[in-house]
Amino acid sequence: MNHFKRYTVTAALPYANGPVHIGHLAGCYLPADIYVRYLRARGRDVVFICGSDEHGVPITIKAQKEGITPQQVVDKYHEQMKETFEKIGISFNIFSRTSSKTHHETASAFFLNLYNRGIFEELETDQYFDEKKGQFLADRYITGTCPNCGNTNAYGDQCEKCGSSLNPTDLINPVSALSGEKPVLRKTKNWFLPLDKLQPKIEEFINGHPEWKPNVLGQCKSWLTQKLQPRAMTRDLDWGVKVPLKGAGNKVLYVWFDAPIGYISATKELTPDWEKYWKDKETRLIHFIGKDNIVFHCIIFPAMLMAHGEYILPDNVPANEFLNLEGQKISTSRNWAVWLHEYLNDFPEKQDVMRYTLCANAPETKDNDFTWKDFQSRNNSELVAILGNFVHRTHVLVWKFFEGKVPASVEYTKNDLAALEEIKKIPQRITEAIETFHFRDALTEAMNLARTGNKYLTENEPWKANLNNPKRVQTVLNISLQICANLSVVLKPFMPFTSEKLRTLLNIAESGWDAAGNTQLLNENHQLGKSFMLFERIEDEPIQKQIDKLHNSMSVQMPNKAIPAVKTPVTFNEFGKMDIRIGAILTAERVAGADKLLKLKVDTGIDIRTVVSGIAKYYAPEKIIGQRVCLLVNLEPRKIRGIESHGMILMAENSDGKLIFVTPAEADAENGSSVK
RNA sequence: GGCGAGGUAGCUCAGUUGGUAAGAGCGUCGGAUUCAUAACCCGGAGGUCGAGGGUUCAAUUCCCUCCCUCGCUACCA
């Protein structure tokens, strides 16, 4: 671990289509920041690299929806994210962006390098093309009927109803989201990274890192055993880094090709010395990411770097799991999130309270839950009661007995020596924990130093000793102050704002990590600053307000997010082709080996037929016997899981994606009645 | 269904290359204290370490089966 001369630390490039929330912080930016601040305090040569990821289809869609340009979208969120990160104390050396000129040049050059050396495979594939708009359509720009679940609003890459991933050509009745026209298939050429051929080298690389976190290794091995496939590194799109080849036309680099190169371009912008941070074997490259990025940072990006050949590979990728919020998954679209810019407004000067809570409860080994009650409790019973209180009582006593001047330590008792021993040991434990990416443990240890302080004060009662043993008071308070000074050092990576306040209280300058464990940080007679509180209690009211806000904003946002747009018009004749009838379910059973499917026998009034339906997630078979349904009876039969299905049950889908039977309200719609 | 990660005190989470390690913080109860933001300090209660089986002198820790949660993946006409 010590053979590295310098560090390149990256934090996942946040996608510039929305603000940053606590999940992002806890999963990636905060641990990265803690690590980097620690390294800096140790005097290590380190660059901390990040920036906004500004390409890709979702941004173009967002721009179209809002009637602005993609550039305007990314400008807005780039600035907002940058400001938020700064305010919460994420100390990037640079927060760049992938729309920058340097990045376009760097990414192009990288692509050309691989291209010129014949790394890519050129493949011609059929892609949908919008003749009216004269352009190829990104997967997301094509909607149509999902071949799996019949959802008529499936996207070309994925059906959000059944969750299956799709190819655009899988869609039935594809429609261009740009013009509303039916797109046509055209041949187009794209360049693929042959991950299949690189697999042995990638395996060798992964196997060389048994020290990586189990969740990271597990994911990688899962991918490797499923065998890697060539992956297209270019797309037919006009928003992104242009493919730097003649005749490439309207093509850009795949966002997952260009985004990680963003780390390199940002470093380039930061320093002319950038190469030593990327090409020198003595540099340790660390990627902090969330678990959704594991495959890109552990497999695809390293594969790109290997293919290039000049670059070092990541030495560790300490990915975190996900943070839940009040028991539910954080969801941008449902607005179930704590947005950091809002937090900073609602809780001014409390950056460290959030940093503390998120670090103490970080999803290091499994998904964790953030609750506002926990946030309150961490503030009140840990930051206020343990840390703040210890510092305050020490400070108050020193002012009371010594007018704010550091008293000399006179002679040490057994108790004193034990306390001094803790001052020396705890920083060692913190160091070890940080070095192995155990940030919650590290923080616990740091807090233990404050606990030690409280215990020490209580046991030695300097407020009593004053009357009959002034020397004792001096020594006890001296040691207590040394603990405070040590706290200002070891807390700095986690809570930089608090660390600074502590230094103001103690009236001392910032010191490096080697100061940690030093029991003589404050000299005799040194004048302390004036007293103030490090933290304040948070009462129930603001907490309840946040909880209410969360629930309210969710319910408000849900409907308009989830209601799909009206589809293209159809004629009466077209509709007339659909033969929809009332029927009743006679039997229902699960389909073996399928989680979503039920095999139903339905009385249609015309006949009794078998229908396979993807509703098993929502309805137990025994509960729907006798259920009246609407069904499309003249749909072409189709084999599903070996069972011939004759027709399709009509279901309503609510905003959660739950499917609900469409049922005649009155009994005299007998089986076989047609629905018009 | 397949793959991966988890299921440990009321809550949030550590831990075990198999044997005095069943732990921490918070919460709770009792006590002590008043320098301190009803804070601090001491002590107690609380868990058959998801369930069942196996290997072993010994399993929470290894093996098998099953259940539950999360992620990816398959099935959705």
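Described in the following lines is the structure provided in the data block.

Cut-offs used in this document
Residues numbered from 1 in each chain as written. Chains lettered and ligands numbered in written order. Predicted model: local features only at pLDDT ≥ 70, side-chain atom pairs only at ≥ 80, totals over all residues. Heavy atoms only, no water. Core = buried A, V, L, I, M, F, W, Y, C linked by side-chain atoms within 4.5 Å. Buried < 20%, exposed > 50% of the residue type's maximum accessible area, 1.4 Å probe, protein only. Helix = DSSP H or I, 4+ residues; strand = E, 2+ residues; numbered from the N terminus. Contact = heavy atoms within 4.5 Å. 1 Å grid on protein atoms, 1.4 Å probe; cavity = no way out; pocket = protein on both sides within 12 Å on 5 of 7 lines; lining within 4 Å. Points joined across faces, edges and corners; volume = space filled by probe spheres on them. Nonpolar A, V, L, I, M, F, W, Y, C, P; charged D, E, K, R; others polar. Phe/Tyr/Trp six-rings, centres within 6.5 Å; stacked < 30°, edge-to-face > 60°. Lys NZ or Arg CZ within 6 Å of the ring centre and 35° of its normal.

### Some remarks on the nonpolar core
Here is step 1: Residues Phe 257, Trp 372 and Leu 487 are the most contacted members of the largest nonpolar core, which totals 169 residues.
Here is step 2: The biggest single contributor to this core is helix H1 (residues 22-41), with 13 residues.
Here is step 3: The residues touching Leu 487, leaving out its near neighbours within four places in the chain, are Leu 387, Phe 390, Val 391, Ala 446, Leu 449, Ala 450 and Leu 502.
Here is step 4: Counting 17 residues, the second-largest nonpolar core is a separate cluster that includes Leu 600, Ile 624, Leu 631 and Leu 659.

### Re the layout of surface pockets
Here is step 1: Taken as a whole, the second largest pocket encloses approximately 310 Å³ of empty space.
Here is step 2: Around the second largest pocket, the lining is made up of 15 residues, and of these Glu 211, Lys 213, Thr 436, Phe 437 and His 438 lie nearest the centre.
Here is step 3: Tallied by class, the residues present in the lining of the second largest pocket amount to 4 nonpolar, 5 polar and 6 charged.

### Details of the packing of aromatic side chains
Here is step 1: Applying the stated rule across the entire model yields 35 aromatic pairs.
Here is step 2: A ring pair is formed by Tyr 29 and Phe 85, whose centres lie 4.7 Å apart and whose planes are at 50°; its orientation type is tilted. Here Tyr 29, found in helix H1, pairs with Phe 85, found in helix H3 (residues 70-88); they are 56 residues apart in sequence, far enough to count as distant.
Here is step 3: On the accessibility criterion, Tyr 29 (3% relative accessible area) is buried.
Here is step 4: For Phe 85, a relative accessible area of 1% translates into the label buried.
Here is step 5: Ring centres of Tyr 35 and Phe 437 lie 5.1 Å apart, and the angle between their planes is 45°; this geometry places the pair in the tilted category. Within this pair, whereas Tyr 35 is found in helix H1, its partner Phe 437 is found in the loop between helix H13 (414-435) and helix H14 (439-460), the two being separated by 402 residues in sequence.
Here is step 6: Classification of Tyr 35 as buried rests on a relative accessible area of 0%.
Here is step 7: Ring pairing ties together the aromatic residues Phe 110, Phe 111, Tyr 115, Phe 120, Trp 191, Phe 257, Trp 278 and Tyr 311, which thus form one cluster.
Here is step 8: One Lys or Arg, Arg 235, reaches over the ring of Tyr 254 and ends 4.2 Å from the middle of that ring.
Here is step 9: A cation over a ring is seen here: Lys 279 above Tyr 311, with NZ or CZ 5.1 Å from the ring centre.

Read these as geometric descriptors, not functional statements.
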